[in-house]
Amino acid sequence: MLRLGLILTVLLLWAQEERTVGVPTPARPLLARLSGRVIESRTGEALAGVRIQIGSKGAYSDDKGTFVLPYEGEDTLTAFLIGYRPLKVAVRGAKEGLILRLEPVEAELEEVPIVAEASRESEAGLFLERMRSLEIGEYYSQELVMKRSTDFYVPNVLRRLPGVSLLSGRYISIRGMGERYNAFAFWAAYPAWLTYDASFGEIEQLITTLLGRVEVRKFWTPELLGHFGGGMVDFQLPTTGGNGLQIAFTSEVNIGGIGRAYPLFRGPVKEPLPSDFPPPAVVIASENQGKPTAENFAYGRQFRRYTVPDSLRTGLPGGLITLAYDKRSETWRFSLRGAYSRRYLSSSIQFQDGNFLEENGKWRFEPVLTTEGKQPLYHYSQGGGASFSVGWQPNPAHNLNAEGFFIANTPQRIAQEKALYINPAIDSVRHVQSYYTNFLLQRSYMGILRTSWRYSLPSGWQISTQLGWIAQHHQIPQTGAMNYVRYPNSSQIAYEQELYGESEIYAQVLTSRTQANQFYAHPFIEKRWGTTQRWVQLRLGAWASLEEQRHRSRQLGFMSDTAGGAPNVLPPSVYAHDNIRDVYNPAHIRPGGWYLIERTGDYHRHRGLTQTVAGYGWLRIGWNNRWESMIGVRYEEWRRQLFHIPIALPERETLFARLQDAHLLPIFLTKYQLSEQQSLRFGANMTLIRPPLPTQVPLPYFDYVWAFYWVGVPNLPTGRSYNADLRYEWLRSKDKLIALGLFYKQLYRLPEVYLVPASFNLTYTYSTRERRRGEVLGVELELREVLWEQENHRLWGYLNLTLSESAMEKKPWRKLGQLEGRLQGHAPIVGNAGLLYSLRGWEIAFFANYTSAQIWAIGFDPYIYPHVIEEQRWLIESQVSYRIHERWEIRLAIWDLLNMPYRRTQRLGNANSFQPDRDNLSIWERWAYRGYLTIRYLLQS
């Protein structure tokens with residue numbers, strides 16, 4: 001009792017100092033008493049400093065969550081702690097061993113009123129979590145996901161978060177840095193990269209309502225894998241908020257896409273290539289005595305299938321339906337989410353193509369092909385998924401959880417572009433009219449399952465284990481492109497035969513299938529010593545994962561000839577990439593058939609096996625309710641083997657690359673509480689930049705499905721990044737805050753994608769190389785403020801701005817505002833802002849996002865060869881919502897009011913300004929205006 005009295009005295013003095021509650025009445029030793037333990041409902045952790053009150057008697061829970069109170073008759077017992085829902089329990093007799101479970105925050109900071117609307121609770125909870133947290137990060141709550149109709153897809157959610165933007169439809173930028181420096185995760189477990197550029201391909205179609213809150217971590221801590229140098233987007237599943245069912249339907253109306261005919265491609269589905277596609281050694285296209293052979297007809301049918309749609313469908317208003325169901329009891333909690341989506345979207349494209357010519361040591365652009373007006377591009381997709389979360393706590397010591405997520409998508413894109421070009425070999429004055437048809441069909445699946453168990457020992461130690469499995473499948477069953485032309489003085493549309501002086505393969509076809517399976521285990525133990533004023537927490541953990549990734553694709557070229565003639569068998573030499581020009585040699589062309597040209601290389605078909613083993617530990621220390629610090633370290637060993645998968649027998653699978661490295665990753669993080677609402681945070685750590693697994697996929701480049709080749713170097717080492725962050729925060733409420741941060745990153749041995757110089761005027765070829773070093777320096781500003789408030793009227797806004805500069809092997813402050821020498825994938829200005837006005841059941845909102853220009857791909861020589869530049873872009877959106885009834889709500893929104901196109905240009909010499917006589921004209925894509933109508937119904941049990 002003496003120890004308990006001392007603890008209660010310390011806690012009482014702390015509460016008086018913090019001015020959170022009044023002075024409790026000291027507990028007197030009586031025979032009749034109430035005793036028990038206070039725990040966190042989701043994790044089962046003991047909660048210290050909880051105010052327990054019954055009648056006029058009060059006490060605080062100790063560091064193990066236990067409490068003792070005298071019992072003086074029937075009354076209501078209340079438990080209160082800032083950041084948790086106040087709990088009330090009717091007591092009808094003396095009792096020992098009570099278990100009080102507190103649910104995380106449903107309260108504002110000031111007077112801690114209970115908020116009736118559950119969606120408000122999570123927003124306030126995230127605010128208080130951010131206030132108490134040591135880490136540096138941003139959060140987006142489930143409330144906002146359900147509240148804003150255009151936020152049902154992850155890309156629009158990410159645009160709301162400080163320092164985050166979206167580039168070219170799906171490329172994520174955190175603090176202005178592209179995806180090659182960042183990572184995506186589900187509960188901090190990273191899925192595999194299924195594309196060569198290290199992007200997360202499902203991001204465009206990822207439905208937010210299946211995920212719950214979205215977290216952007218801008219600082220690394222040791223329990224995470226160290227595989228990023230910029231930041232991490234962590235998707236987490238929703239937790240139960242109460243009992244009931246929510247149903248929401250959003251209709252996405254694309255003004256330019258409604259009523260249009262959408263081509264559909266239906267197969268093949270099970271296999272990327274049909275069985276009648278032979279291996280390269282026996283590809284024959286011939287003619288027998290003026291009559292095509294059976295092979296000609298077989299190849300002809302495939303040729304048509306890969307260039308002509310099977311059927312048409314009329315574009316309708318898109319729709320997304322979501323269901324959310326929650327149920328909980330004393331020991332169980334259950335959450336289920338489901339969603340189904342169908343989208344009919346359209347955009348327009350325009351471009352100018354040409355050659356880069358060298359004159360007197362300088363490069364200039366000479367256009368040879370220009371689009372004829374703005375051509376339509378149709379996007380159709382359907383998909384859906386489900387997620388669940390189950391928790392079971394049979395007693396205070398044990399807590400078991402199982403969580404799962406599954407999503408499937410089938411997006412496709414079709415374009416038919418018209419262009420004009422001058423071919424002097426045909427007519428030096430009049431234009432040849434070109435018709436370029438291309439399409440891309442994809443199917444992707446992702447499933448994630450995680451189980452966790454947490455056990456609290458009587459000694460205070462807690463043991464936890466997480467086991468997870470991530471399965472991914474990305475398939476491109478059909479993609480292709482073909483050129484048709486109408487020559488001067490001709491009304492016939494024919495296959496393209498001459499394009500600025502040389503023949504070409506008329507149809508490029510690439511089919512691929514990528515699969516990845518990852519298993520991981522993450523056990524750890526931890527314990528906390530001390531009081532609420534001075535405490536130490538230790539965690540020791542381990543990580544082990546095994547990932548297998550298979551990529552099987554085949555790139556083919558169809559060449560047709562309609563003149564008739566003698567049989568021909570293509571020699572093996574034409575299959576080699578090095579002899580690509582020889583394919584067009586007239587000596588190889590014989591009239592009368594369909595020629596199938598093989599373009600499959602090592603990086604089309606490979607298998608990667610990656611193993612990661614790590615151990616980590618960190619120590620967190622807090623004292624005087626003002627200082628909190630973390631010091632930690634992680635040792636991580638990483639191995640990868642790459643195997644070549646043969647196209648056909650008698651080839652066999654062979655090992656062609658082996659990678660292995662290990663790193664020791666330190667971290668230091670500290671927080672100083674200037675006042676109850678103001679704090680300073682500083683952190684320094686080291687992270688890694690893992691090279692992507694080299695994968696060959698078709699790259700949609702606006703209107704084109706380019707015949708890009710990947711000849712990347714497979715044995716690039718792991719890069720590393722040294723990071724420092726300093727952040728000031730003044731958090732007055734969830735709608736009133738200011739945060740100012742400085743960050744600096746020094747990168748070493750970072751992998752870089754570049755264009756092989758000889759490929760500019762032929763077939764674009766990509767490779768990888770190691771950039772020795774680079775630097776990034778920047779500042780972040782986050783503002784939220786209530787601009788005007790009176791009775792039921794409220795106007796508030798936010799502004800998030802990131803300004804940074806980077807340099808390759810130079811100092812960033814010497815390159816301010818200059819494109820020359822900037823890091824690939826870096827946008828120096830990223831900003832987003834919002835203005836929201838509410839009146840009773842109405843809410844009117846405007847949102848804006850801006851991303852400045854960045855280098856998308858680098859030429860062979862960064863000082864003289866062309867760069868592909870992603871131009872600056874604004875996004876502006878408006879939304880109006882009205883709550884008809886406490887259960888019914890309707891919303892209207894218009895996306896992209898400015899309707900500014902995505903632009904890419906090719907520039908020479910790293911020039912900072914665009915000049916038409918020197919640079920390639922912009923290739924751009926402009927989406928049609930989109931409107932959203934959302935109807936939401938809440939059914940509470």
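Residues numbered from 1 in each chain as written. Predicted model: local features only at pLDDT ≥ 70, side-chain atom pairs only at ≥ 80, totals over all residues. Heavy atoms only, no water.

## Some details on the sheet that holds strand β13 (residues 232-235)
Spatially, β8-β12-β13-β11 is the arrangement adopted by the four strands of the open sheet, whose pairing is mixed. One side of each edge strand has no neighbouring strand; the edge strands of this open sheet are β8 (137-140) and β11 (183-186). Strand after strand, the sheet turns through a mean of 20° between neighbouring axes, direction not considered. The pairing of strand β12 (residues 214-217) with β13 spans four bridges and is classified as antiparallel. Each residue of the ladder has a partner; that of V216, found in β13, is V233. (Pairing = 2+ DSSP bridges. Helix = DSSP H or I, 4+ residues; strand = E, 2+ residues; numbered from the N terminus. Axes fitted to C-alpha atoms, helices over the stretch in contact; angles between N-to-C directions.)

## A short note on the pairing of strand β32 (residues 627-644)
Pairing analysis gives 18 bridges linking strand β31 (residues 605-623) to β32, with the strands arranged antiparallel. Paired with L609 across the two strands is Q641, which belongs to β32. Turn length for the β31-β32 hairpin, with the two strands adjacent in sequence and antiparallel, is three residues, and the turn residue N624 shows positive phi of about 60°. Bridging between β32 and strand β33 (residues 654-673) involves 18 bridges; their strand directions are antiparallel. Looking at the pairing, V633 lines up with P666 of β33.

## A closer look at the packing of aromatic side chains
The tally for this structure, following the rule as stated, stands at 16 aromatic pairs. Ring geometry for W461 and W529: centres 5.7 Å apart, planes at 90°, overall edge-to-face. With W461 in the loop between β25 (427-456) and β26 (462-486) and W529 in strand β28 (residues 507-530), this residue pair connects regions lying 68 residues apart in the sequence. Put simply, the rings of F184, F186, F235 and F405 touch in pairs and so form one group of aromatic residues. In this structure, R732 packs its charged tip against the face of W730, placed 5.0 Å from the ring centre. The lysine or arginine in question, R930, covers the ring of W927, its NZ or CZ lying 4.6 Å from the ring centre. (Phe/Tyr/Trp six-rings, centres within 6.5 Å; stacked < 30°, edge-to-face > 60°. Lys NZ or Arg CZ within 6 Å of the ring centre and 35° of its normal.)

## Quick look at the pattern of salt bridges
Enumeration according to the criterion identifies 34 salt bridges in this entry. A salt bridge links E729 to R727, with the shortest nitrogen-to-oxygen separation between them at 2.9 Å. Residue classification places E729 among the buried residues on the basis of a relative accessible area of 2%. A salt bridge links R732 to E785, with the shortest nitrogen-to-oxygen separation between them at 2.4 Å. Taken together, the residues R732 in strand β38 (residues 719-733) and E785 in strand β40 (residues 765-790) connect sequence positions 53 residues apart. For E785, a relative accessible area of 29% corresponds to the partly exposed category. A cluster of three or more residues bridged by salt bridges with shared partners is formed by R175, K218, R681, D725, R727, E729, E780, E782 and R784. (Salt bridge = Lys/Arg side-chain N within 4 Å of Asp/Glu carboxyl O. Buried < 20%, exposed > 50% of the residue type's maximum accessible area, 1.4 Å probe, protein only.)

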